[in-house]
Amino acid sequence: MTALDAQTLASVRVSLDEVLAGTPGDLSSALAELGWADVVEADRETAAVLLFGAQGRALASTRLLDDVVTHALGSPEGTVVAYAGILLGRPEEGTEQVVVLDENAAAVLPITEVSGRLQPVRGFDRATTWHRLDTTASGEPLDVSAETLALAVAAARRALTAEIVGVCETALAMAVSHTTVRHQYGRPLASFQAVRHALAEAHAAIENTRATLEAAAVADAPVATVARAARVAKHRAGTTQALVMRHVVQVHGAMGLTLESDVHRAVTRAAALDVLLGSSRELSTRLGLDLLSGAPAEPIAAI
Amino acid sequence: MIPETAADLVADHRAYAAALRAHLAPPRQEADRFAGWRGVRHRTTEEQCAADAGLMGELHAGGWNRVGWPAEAGGLGGDVRHRAVLYDELIAAGLAIPLPSLVLEVLGPTLARFAPALAAELLPRALAGLEWWGQGFSEPEAGSDLAGLRCRASRDGDAYVVSGQKLWTSLGATASRFICLVRTGTVESRHRGLSMIVIDRDSPGVSVRPVAIASGRNELAEIFFDDVRVSADRLVGPEDGGWGVAMYLMQFERSMYPWQVAAAGLGRLRDLVGTVRGSEVPDGLTTRIGEVYADLVTLRARSAQTIRRLAAGEPVGPEAAVDKIATARAETGLHDLARELLGTDFVLGGSVRHEEWREEWWYSRSATILGGSAEVQRTVLADHVLRLPKEMAS
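Residues numbered from 1 in each chain as written. Chains lettered and ligands numbered in written order. Predicted model: local features only at pLDDT ≥ 70, side-chain atom pairs only at ≥ 80, totals over all residues. Heavy atoms only, no water.

- Under an unreviewed UniProt entry, chain B has the name Acyl-CoA dehydrogenase and belongs to Nocardioides panzhihuensis.
- We quote the UniProt Sequence similarities (unreviewed entry) comment for chain B here in full: "Belongs to the acyl-CoA dehydrogenase family."
- Comment text from UniProt for chain B, heading Cofactor (unreviewed entry), reads "FAD". (UniProt positions renumbered as here; feature names shortened; annotations may be inferred.)

- The name given to chain A in an unreviewed UniProt entry is Acyl-CoA dehydrogenase/oxidase C-terminal domain-containing protein, and the organism recorded there is Nocardioides panzhihuensis.

Next up, the structure:
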């Protein structure tokens, strides 16, 4: 599936986890030190799955997704992205333009027109760095083909799927560790069948999402298929985070609802990632509408 | 016959897929050799099995379903990926996955691995549709709890004498052989005292009672063994080594069966969406259509991974429970969607199509039961993958 061998993949995974658990400010230099450019060069898709998986596991919030989009759109340096009006952070010094991205359209705004129209988000995730762009900011249509746009959205959806998988992995690990240590009625919580089955379902959902994501990397397929595959993957990630977080919160008992546990960080991070570029519900509705209007129920995954 | 480039097709499952697609497509000029099977469905499981076996015979005559099986067992070489491709292309061509192949995919690789002589004798006949088999695992006192099996096989000279009963045997009503897990050790030996053995239906002392599921179709059967003598060379794997054989078998039960469900399910979803296209779809069901489609794609993506691992000779093990959970979700979801979309017609409609959806709906309920219940799958993941503290015995 990839040009990188299993051993390299495993060691890259460990290094990425270290980098993303560190200070987010040093991210680009830390990645450069890791020789990240070479990994991307060898296999861009696998690199994205690794990087966003690590970001998810670390519950970190960065601007890395912008790189996926700007690369796919061929945007110049100094471009940041607004996902249906959401920016992943306040644009840094030196930013020249903002690409406003939607499923069917992309527009570009010079940074000078953006600065006064940005509001920091105060939302579900209390620690978010996200900003919202005021809806009157429309900009000039971006000069890219419909195919390029569709491929950029699909690449971003695959990256988000990888990240949600990472967040879910961390949440499940918290639940496994909590229920193994915590005793009730004289035995570990994780020895009760209801708890064991909930965690097993969470594991199955995560692994099935990983498989769906792998199948969605169909680079040589027609653009419509690439787009559909990415919708399915992002939809799957959304249903998975809903299931995983429901079970993880439940098995933590009241502890899972507090600021003292990290569970809330996973719950709110996954929720935020679910709404970017189409929630699971929006995407399944779109998939259903497409099938009803004659799109093929194509299998996507090849063997 | 398979074209002279067969060696290329055996080496490359994608080339095989393309050649097979061309072979299965309805011809423009000459008569359609698959006309008797295309879009045809039979009223009883017995008739369906016979017709499906005929389809296997037709595929076998051309060599097509011999690809993917080892030459020592009547095949032409290639691997499990070729077999996956075959089921895909059958559905794409408006044909069905032959019922006997559902069981063959579970038992065939097991015979080939643990009983080469038996595989050489029996597999060619099964591939040609001349016979099909039943999988005799469950018993009245042991459904998913295989270690509790009681059907006994006692050694007597060069034979075993088998006494006991099997239940819920798929295709049991018409199968000509049963591949059974039997107890050769004491009951207390649990999983250590089991063996796998092939028992011919026409042996003295074997009787079969078909079990109709609620649709009225004889999908299952109950098999009774009354001091049945079975030659010792019918053993699959070593005596008392049946558990290991069964665990090997589970990899196929939890990988190719899911793949077949996904292939057939995508075909059925296409039919269903075609039926309601252009009419007003009730509130919420458009989203359900999208969800069921996504569930089928996920199932297929997961089983594709698993089948690739099998093809590479990697053990799949307890992780295959993940495939089984995805299968149940897709299979039950699809048929519940059909029930909701067809509404009154699902319950009262008199057409063959409505009858078919009703029958399949009942069969779809087995997705959370057969091959280890949904609860067993979750326990397998909790024990062997997540390694959670063990559940306490009551």
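Now that the structure is up, let's keep going.
1. Some points on the overall build of chain B
Next, step 1: Scanning chain B for helices and strands turns up 13 helices and eight strands.
Next, step 2: The C-alpha atoms of chain B give a radius of gyration of 21 Å, which matches the 21 Å a tight globule of 394 residues would have.
Next, step 3: Projected onto its principal axes, the C-alpha coordinates of chain B cover approximately 65 × 55 × 40 Å.
Next, step 4: Long-range contacts, defined here as pairs at least 24 residues apart, represent 72% of the contacts in chain B between residues at least 6 apart.
Next, step 5: If you sum the accessible surface of chain B, you get close to 15800 Å²; carbon and sulfur atoms cover 53% of it.
Next, step 6: Looking at chain B, you have 43 positive and 51 negative side-chain charges, and the mean spots of the two groups are 3 Å apart. (Helix = DSSP H or I, 4+ residues; strand = E, 2+ residues; numbered from the N terminus. Rg over C-alpha atoms; globule rule 2.2 N^0.38 Å. Contact = heavy atoms within 4.5 Å. Areas by Shrake-Rupley, 256 points an atom, 1.4 Å probe, with all protein chains shown as cover. Lys, Arg positive; Asp, Glu negative; His and termini not counted. Charge placed at Lys NZ, Arg CZ, Asp CG, Glu CD.)

2. Section: the domain arrangement of chain B
Residues and elements named next belong to chain B.
Next, step 1: When its domains are assigned, chain B resolves into domain 1 (7-131), domain 2 (135-241) and domain 3 (255-385).
Next, step 2: The centre of domain 1, based on its C-alpha atoms, is set 27 Å off from the matching centre of domain 2.
Next, step 3: Each partner contributes to the interface: domain 1 provides 22 residues, whereas domain 2 provides 17 residues.
Next, step 4: Buried area between domain 1 and domain 2, both sides added, is near 1600 Å², and the carbon and sulfur share of it is 62%.
Next, step 5: Put simply, domain 1 and domain 2 have two salt bridges between them.
Next, step 6: For Glu121, the salt bridge goes to Arg234, with nearest N and O atoms at 2.8 Å. (Domains from an automatic or database assignment. Buried area = accessible area lost by both parts, 1.4 Å probe. Salt bridge = Lys/Arg side-chain N within 4 Å of Asp/Glu carboxyl O.)

3. Brief notes about the UniProt feature "domain: Acyl-CoA dehydrogenase/oxidase N-terminal" (unreviewed entry) in chain B
Next, step 1: Feature annotation in UniProt places "domain: Acyl-CoA dehydrogenase/oxidase N-terminal" (unreviewed entry) on residues 42-129 of chain B, given in this structure's numbering.
Next, step 2: Secondary structure across residues 42-129 of chain B comprises 66% helix and 0% strand; the distance between its end C-alpha atoms is 17 Å.

4. Observations regarding the packing of helix H7 (residues 193-216) of chain A against helix H13 (residues 374-385) of chain B
Next, step 1: Where H7 of chain A meets H13 of chain B, the axes come as close as 8 Å, and the angle between the chain directions of the two elements is 85 degrees. Classified by the interaxial angle, the pair formed by H7 of chain A and H13 of chain B is roughly perpendicular. Across the interface between the two elements, Gln193, Arg196, His197, Ala200, Glu201, His203 and Ala204 of chain A from H7 of chain A touch Glu375, Arg378, Thr379, Leu381, Ala382, Asp383 and Val385 of chain B from H13 of chain B. (Axes fitted to C-alpha atoms, helices over the stretch in contact; angles between N-to-C directions. Parallel < 35°, antiparallel > 145°, perpendicular 65-115°, else oblique.)

5. Overview of the side chain of Glu331 of chain B
Residues and elements named next belong to chain B.
Next, step 1: Looking at the element boundaries, Glu331 is found in helix H10 (residues 320-342).
Next, step 2: Here Glu331 occupies a buried position and makes no salt bridge, while the nearest side chain of opposite charge, Arg365, is found at 8.1 Å.
Next, step 3: Filtering out sequence-adjacent residues up to four positions away, Glu331 remains in contact with Val261, Ser364 and Ala367. (Buried < 20%, exposed > 50% of the residue type's maximum accessible area, 1.4 Å probe, protein only.)

6. A closer look at the domain arrangement of chain A
Residues and elements named next belong to chain A.
Next, step 1: The domain boundaries assigned to chain A delineate domain 1 (75-143) and domain 2 (146-293).
Next, step 2: Placing a centre on the C-alpha atoms of domain 1 and another on those of domain 2 gives a separation of 26 Å.
Next, step 3: Counting from both sides, the interface comprises 13 residues of domain 1 and, opposite them, 14 residues of domain 2.
Next, step 4: Between domain 1 and domain 2 lies a buried interface of about 1200 Å² when both sides are counted; carbon and sulfur atoms form 72% of it.
Next, step 5: Contact with domain 2 buries surface across domain 1, with Glu103, Phe124 and Trp130 losing the most and accounting together for 47% of the total.
Next, step 6: Taken together, the connections running from domain 1 to domain 2 amount to three salt bridges.
Next, step 7: Here domain 1 and domain 2 share two residue pairs in polar contact (both at pLDDT 80 or more) between them.
Next, step 8: Residues of the side of domain 1 that touches domain 2, tallied by class, amount to eight nonpolar, one polar and four charged. (Polar contact = N/O pair within 3.5 Å; in protein donor to acceptor, adjacent residues only side chain to side chain. Nonpolar A, V, L, I, M, F, W, Y, C, P; charged D, E, K, R; others polar.)

7. Focus on the UniProt feature "domain: Acyl-CoA dehydrogenase/oxidase C-terminal" (unreviewed entry) in chain A
Next, step 1: As recorded in UniProt, the feature "domain: Acyl-CoA dehydrogenase/oxidase C-terminal" (unreviewed entry) lies at residues 155-280 of chain A.
Next, step 2: Taken as a whole, residues 155-280 of chain A contains 75% helix and 3% strand, while its terminal C-alpha atoms sit 16 Å from one another.

8. Some remarks on the interface of chain A and chain B
Next, step 1: If you look at the interface, chain A gives 45 residues, while chain B gives 48 residues.
Next, step 2: Taken over both partners, the interface formed by chain A and chain B buries close to 4000 Å², and the fraction arising from carbon and sulfur atoms is 64%.
Next, step 3: At the junction of chain A and chain B, the tally comes to five salt bridges.
Next, step 4: Salt-bridge contacts for Arg196 of chain A lead to Glu391 of chain B; the nearest nitrogen and oxygen are separated by 3.3 Å.
Next, step 5: Across the contact surface, chain A and chain B share 22 residue pairs in polar contact (both at pLDDT 80 or more).
Next, step 6: Breaking the side of chain A that touches chain B down by element, the ones donating at least two residues are helix H6 (146-181), strand S9 (187-188), H7, helix H8 (223-251) and helix H10 (280-292) of chain A.

9. A word on the nonpolar core
Next, step 1: Counting 126 residues, the largest nonpolar core has Trp133, Val162, Met196, Ile199, Phe225, Leu269 and Tyr293 of chain B as the members making the most contacts within it.
Next, step 2: When residues no more than four places from it in sequence are discounted, the contact partners of Met196 of chain B are Thr110, Phe137, Ile179, Cys180, Leu181, Arg234, Leu235, Val236, Gly242, Val245, Ala246 and Leu249 of chain B. (Core = buried A, V, L, I, M, F, W, Y, C linked by side-chain atoms within 4.5 Å.)

10. Regarding empty space enclosed by the protein
Residues and elements named next belong to chain B.
Next, step 1: Evaluation of the coordinates by the stated rule reveals four cavities of 30 Å³ or more.
Next, step 2: When its volume is computed, the largest cavity comes out at roughly 70 Å³.
Next, step 3: Residue assignment for the lining of the largest cavity shows that the elements contributing at least two residues are helix H3 (45-61), helix H4 (80-92) and helix H5 (99-114).
Next, step 4: Sorting elements by how many residues they give to the lining of the largest cavity places H4 first, with four residues.
Next, step 5: Of the residues in the lining of the largest cavity, the class split is nine nonpolar, two polar and two charged. (1 Å grid on protein atoms, 1.4 Å probe; cavity = no way out; pocket = protein on both sides within 12 Å on 5 of 7 lines; lining within 4 Å. Points joined across faces, edges and corners; volume = space filled by probe spheres on them.)

11. Examining the pairing of strand S2 (residues 152-156) of chain B
Residue and element names in this part refer to chain B.
Next, step 1: Inspection of the sheet shows S2 paired to strand S3 (residues 159-166) by five bridges, in the antiparallel sense. What sits directly across from Arg152, in S3, is Ser163.
Next, step 2: The hairpin formed by S2 and S3 contains two residues between the paired strands, and Gly157 there has a positive phi angle of roughly 65 degrees. (Pairing = 2+ DSSP bridges.)

12. Some points on the packing of aromatic side chains
Residue and element names in this part refer to chain B.
Next, step 1: Across all of its chains, the model carries seven aromatic pairs over all chains by this definition.
Next, step 2: With 6.2 Å between their ring centres and 35 degrees between their planes, Tyr16 and Trp64 make a pair best called tilted. Here the residue Tyr16 occupies a position in helix H2 (residues 13-24), and Trp64 occupies one in the loop between H3 and H4, the gap between them amounting to 48 residues.
Next, step 3: Assessed through its relative accessible area of 0%, Tyr16 is described here as buried.
Next, step 4: Residues Phe346 and Trp361 carry aromatic rings whose centres are separated by 6.5 Å and whose planes lie at 75 degrees to one another, so their mutual orientation is edge-to-face. Placement of the pair is Phe346 in helix H11 (residues 344-348) and Trp361 in helix H12 (residues 352-364), with a sequence separation of 15 residues. Here Phe346 matches Trp361 in class, with each residue buried. (Phe/Tyr/Trp six-rings, centres within 6.5 Å; stacked < 30°, edge-to-face > 60°.)

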